[in-house]
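Listed here are the chains, written in short residue letters.
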Amino acid sequence: MFACRRYGRPRRCIFYIFAFVISQLVFILILLRNESYDDLLASGQLHRNNDSGKNYLDWSEFISHRRKGLEVYYQYNLHLSDTLGVIRKLPSTRHCSCDSRPRNLPPPSSCNVSVVISFHNEARSMLLRTIVSLLSRTPKEYLHELIIVDDGSEDVTLLDDLRRWMDVFLGTRDRLGLIFLVNQERMGLIWSRNRGALLASGHHVLFLDSHCEVNEGWLEPLLERLAQDPNLAVSPILDPIDPKTLSYRRGNEMLKGGFDWSLHFHWLRRRLANQELPEMPYKSPAFAGGVLMMSRDWFLKLGGFNAYLKIWGGESIELAIKLWLCGGQIEIVPCSRIGHIFRRRHAFDFPPHLDDHQLSSAQETYLHNSKIIAESWLDEYKSMFYALRPAARRIPLAHTYDEMRQLRGEWQCHPFEWYLRHVSPELRMHFDELAATGTLRNEDRCLHATHKDSDLILVSCHLSDITQWRMLRSSGQLSTQRELCLGVAIGRRIALAPCGRNGTARMAQQWLRRGTHLLHAETHLCLDNPLKDRLELSPCRSQAVSQSFQFALEMES
Ligand code: UD2
Ligand code: MN
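Quantities reported herein were computed from a predicted structural model and do not represent experimental measurements. The residue count restarts for each chain, going from 1 along the sequence in the order it is written. Following the order in which they are written, the chains are lettered starting with A and the ligands numbered starting with 1. Local features in this predicted model are restricted to residues of pLDDT 70 or higher, and side-chain atom pairs are both shown and tallied only at a pLDDT of 80 or more, whereas totals for entire chains, interfaces and linings draw on every residue. By convention in this description, side-chain values take in all heavy atoms of the structure and omit both hydrogens and water.

**Overview of the overall build of the chain**
Helix and strand assignments come from DSSP, with helices taken as H or I runs of at least 4 residues and strands as E runs of at least 2, each series counted from the N terminus. Broken down by element type, the chain carries 19 helices and 23 strands. Between two residues, a contact is recorded if the distance between any of their heavy atoms is within 4.5 Å. Sequence separation of 24 or more characterises 71% of the internal contacts of the chain that already satisfy a separation of 6 or more. With the model as given, the accessible surface of the chain reaches about 26600 Å², and the carbon-plus-sulfur share is 54%. Working definition of accessibility: Shrake-Rupley area with a 1.4 Å probe, residue cover restricted to the visible protein chains.

Encoded structure:
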């Protein structure tokens, strides 16, 4: 007041003081208020990671509470992940028409999604980036809930810290349900995802890995397809994130998901039909990996992921077969993009099941799961699987799969033959093209192509992971799974070379079958193993045991 009198304009001065007090009050209120993530994103605060002190949203504090010593697990550049920030701008990888197309979405009250993320020993910064990208790039009204399952991670305080962090982060945002689950003992990804899905209450359920970044507009194109056909299950295109540089690249929309007869996942090239554009949703024999979305009720009606499968692997192939055979369909939707770190090796241990020292625990688990799929779904074609994965015969199964067969009856599912005919002609073609397949045995030795590929050796047939051969009907070629063919090189030396498509290369690789003899078409000599450790060509002798070769599986002609 004193100052005001001095300046002789008391009214104006009182107004200034009043304005000052109000602005201070507003400032204090802003500090006290939980900011919504929209405000934070808009203000750019989420990019800050060098704050100190009490700011819970300071993610560097969240990261710093991690348990040390787990770095060995991650298999990606942890340091870079820790410095990237909680969210970053991603390049737009989808076709530009995806941005402008009007979407025909039903109201959220009839079409929202529960997202299930199960993780085991994931880096804090990576997990947080997965979650924040999801919350920031998903329309609030369609994201019903987030279910996070900690599958026995060694960083035991992570989930509590995350819960606190998210309380502040979400602030006044209502509607989003949050469920945090902990498996005291490791249950594996398959059971954890089932556990999450059972608790979910959204219309749809989406499974996400814990090292993903969803891209702009990822959800709407998926929802749109599910709204049009509730029996569908959909996958986005997975954009690869490099584990070393964490750079985000564009995934290929010209590939569909499939598997081979040993039940390993494969990408298959697709061809566009007349008038079909690459960015349109397309049918796929299998999902593009394990990131998939479908109606929750439909998922549970199908029994979820097969609970006989253990820990990791095969569950999305099993779900794909189950869906197609029992009235569903799978589509990949190129307008939906989700980044995922594809790691070169497993980032976790597998609990051992058997004392089979020839198989690692990871291989053994995968084989166990594949055997269940073969037994449950492949019908008479399971012999193909056993021919290619002979070690699977030794894996004990805890159940007979009557229950699965019973369900197939109840659900009125098609036989596997139908899948070959209508869904995966590629698999049918492989089947039809084969004259024989599996290991190639002469007495007690099996022919094996070493990892160097060009070296051929004869090893005990009891070892696992011996080369599985394919004798092709049309060309008479005898090839490995890596597309190398057995042929005759200069000096009549038996050698492996890339399979020739035509001409002399192919001629040198052509074999004719005479009973159990393999006759080389060009030279009219027979494959022989006279010294038990080296193959050569010699004149055919019908009684010679050293010239008798058996495949694990002969196909009917
Ligand atoms: C691929 C799929 C994955 C799943 C898996 C086979 C993609 C992007 N990923 O996995 O979804 O189908 O193949 O099962 O297509 N995890 C647990 N408990 C465990 C082991 C793993 O919760 O015991 C978590 C893990 O932290 C991760 C997720 O499961 O979030 C998938 O595991 P991954 O990323 O090691 O396997 P990936 O990408 O090869
Ligand atoms: Mn993954």
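On we go.
**A few points about the nonpolar core**
Within soluble globular proteins, side chains that are nonpolar generally end up buried alongside one another. Counting 61 residues, the largest nonpolar core has F259, W261, M294, L323 and F416 as the members making the most contacts within it. Here this core takes seven residues from helix α13 (residues 315–325), the largest share from any one element. The contact partners of M294, leaving out residues within four places of it in the chain, are H203, H204, V205, L226, L232, A233, F299, L302, L319 and L323. Among buried residues, those of type Ala, Val, Leu, Ile, Met, Phe, Trp, Tyr and Cys that are joined through side-chain atoms within 4.5 Å constitute a nonpolar core. Only protein chains enter the calculation, and the probe is 1.4 Å; a residue is then buried if its accessible area is under 20% of its type maximum, exposed if over 50%, and partly exposed in between.

**Side note on helix α11 (residues 219–228)**
Counting buried residues along α11, seven of its 10 residues qualify, which places the element largely inside the surrounding structure. Of all the residues in α11, the buried ones are L219, P221, L222, L223, E224, R225 and L226.

**With respect to the sheet that holds strand β22 (residues 536–538)**
If DSSP finds at least two bridges between two strands, the strands pair. Taken together, four strands build an open sheet; the order of strands is β19-β20-β21-β22 and the sheet is antiparallel. The open sheet has two free edges, formed respectively by β19 (511–514) and β22, since each of these has just one partner strand. Across this sheet, the average inter-strand angle for adjacent strands is 40°, counted without regard to direction. Note that strand β20 (residues 517–520) and strand β21 (residues 525–528) share two bridges and pair antiparallel. Bridge pairing in β21 places L519 opposite C526. Geometry is summarised by axes, namely lines fitted to C-alpha atoms with helices restricted to the contacting stretch, and by angles between N-to-C directions that run from 0 to 180 degrees.

**A few points about the pattern of salt bridges**
Here, a salt bridge means any Lys or Arg side-chain nitrogen found within 4 Å of an Asp or Glu carboxyl oxygen. Within this structure, the stated rule accounts for 30 salt bridges. Here R124 and D155 are joined by a salt bridge, their closest N and O atoms 2.9 Å apart. A residue pair is termed long-range when its members are at least 10 positions apart, and R124 in helix α8 (residues 124–136) and D155 in the loop between β2 (143–151) and α9 (158–170) qualify at 31 residues. Residue R124 is classed as buried on the basis of its relative accessible area of 3%. Taking the relative accessible area as the measure of exposure, D155 reaches 5% and is therefore buried. Here the salt bridges do not stand alone but share partners, grouping R124, D155, D161 and R164 into one network.

**Concerning the coordination of the manganese ion (ligand 2)**
In an ideal octahedron of six donors the angles at the metal are 90 or 180 degrees, and in an ideal tetrahedron of four donors they are 109.5 degrees. Sites may look incomplete because water is not among the atoms; the donors themselves are N, O and S atoms within 2.8 Å of the metal, or within 3.2 Å for Na, K and Ca. All of the protein donors around the manganese ion (ligand 2) are D209 (OD), H211 (NE2) and H340 (NE2); their distances to the metal are 2.2 Å. Each donor residue of the manganese ion (ligand 2) belongs to the same chain, and together they define the spacing D-x1-H-x128-H. Here the residue D209 occupies a position in the loop between β4 (204–208) and β5 (212–214), and H340 occupies one in strand β11 (residues 329–341), the gap between them amounting to 131 residues. Across this residue pair, the class does not change: D209 and H340 are buried.

**Looking at the pairing of β4**
Of all five residues in β4, five are buried; the element is thus mostly enclosed. Neither face of β4 is exposed, since H204, L206 and L208 on one face and V205 and F207 on the opposite face are all buried. Looking at chain direction, strand β1 (residues 113–119) and β4 are connected through five bridges and run parallel. Note that in β4 the partner of S114 across the bridge is V205. Both β4 and strand β10 (residues 292–295) contribute to a ladder of four bridges, which runs antiparallel. By the bridge assignment, L206 is partnered in β10 with M293.

**Some remarks on the state of the cysteines**
The term disulfide refers to a covalent linkage connecting the sulfur atoms of a pair of cysteines. Disulfides are defined as pairs of cysteine sulfur atoms found within 2.5 Å of each other. Scanning the entire structure with this criterion turns up five disulfides. Here C446 is linked by a disulfide to C461, with a sulfur-sulfur distance of 2.1 Å. With the S-S dihedral at roughly 105°, the linkage between C446 and C461 falls on the right-handed side. Separated by 15 residues along the polypeptide, C446 in strand β13 (residues 445–449) and C461 in the loop between β14 (456–460) and β15 (469–472) bring together distant segments of the chain. Here C446 matches C461 in class, with each residue buried. C96 forms no disulfide, and the closest cysteine sulfur to it belongs to C98, at a distance of 8.0 Å. Judged by its relative accessible area of 57%, C96 falls in the exposed class.

**Remarks on the site of ligand 1**
Consider each residue's heavy atoms; a residue with any of them within 4 Å of a molecule or strand counts as near. The local shell around ligand 1 holds 22 residues, among which S118, D151, R186, G290 and E315 are the closest. At 3.1 Å, a backbone N or O of H120 approaches an oxygen atom of ligand 1. L189 places a polar main-chain atom, nitrogen or oxygen, 3.4 Å from a nitrogen atom of ligand 1. For ligand 1, the accessible surface in isolation is 740 Å², of which the surrounding protein chains cover 90%. Polar contact criterion, stated in full: a pair of N or O atoms within 3.5 Å, where within protein one must be able to donate a hydrogen and the other to accept it, and residues adjacent in sequence count only if both atoms are side-chain atoms.

**Focus on the side chain of Q547**
Within the secondary structure, Q547 sits in the loop between β22 and β23 (550–554). According to the relative accessible area criterion, Q547 is buried, its value standing at 0%. There is a polar contact of 3.0 Å between the side chain of Q547 and the backbone oxygen of P539. Apart from the residues lying within four places of it in its own chain, the contact partners of Q547 are N442, T516, H517, C526, L527, D528, S538, P539, C540 and R541.

**What to know about the domain arrangement of the chain**
Each domain's limits were defined by an automated method or a database of domain assignments. Domain annotation of the chain identifies domain 1 (2–34), domain 2 (113–210), domain 3 (215–423) and domain 4 (430–554). Each of domain 2 and domain 4 was reduced to a C-alpha centroid, and the two centroids are 51 Å apart.

**Quick word on unusual backbone geometry**
In this model, Q275 sits at a positive phi of 70°, which is unusual for a non-glycine residue. If you trace the backbone, Q275 turns up in the loop between β8 (265–269) and β9 (282–283). A positive phi angle, close to 60°, is found at E483, a residue other than glycine. You can see E483 is positioned in the loop between β16 (478–479) and β17 (484–489). Assessed through its relative accessible area of 44%, E483 is described here as partly exposed.

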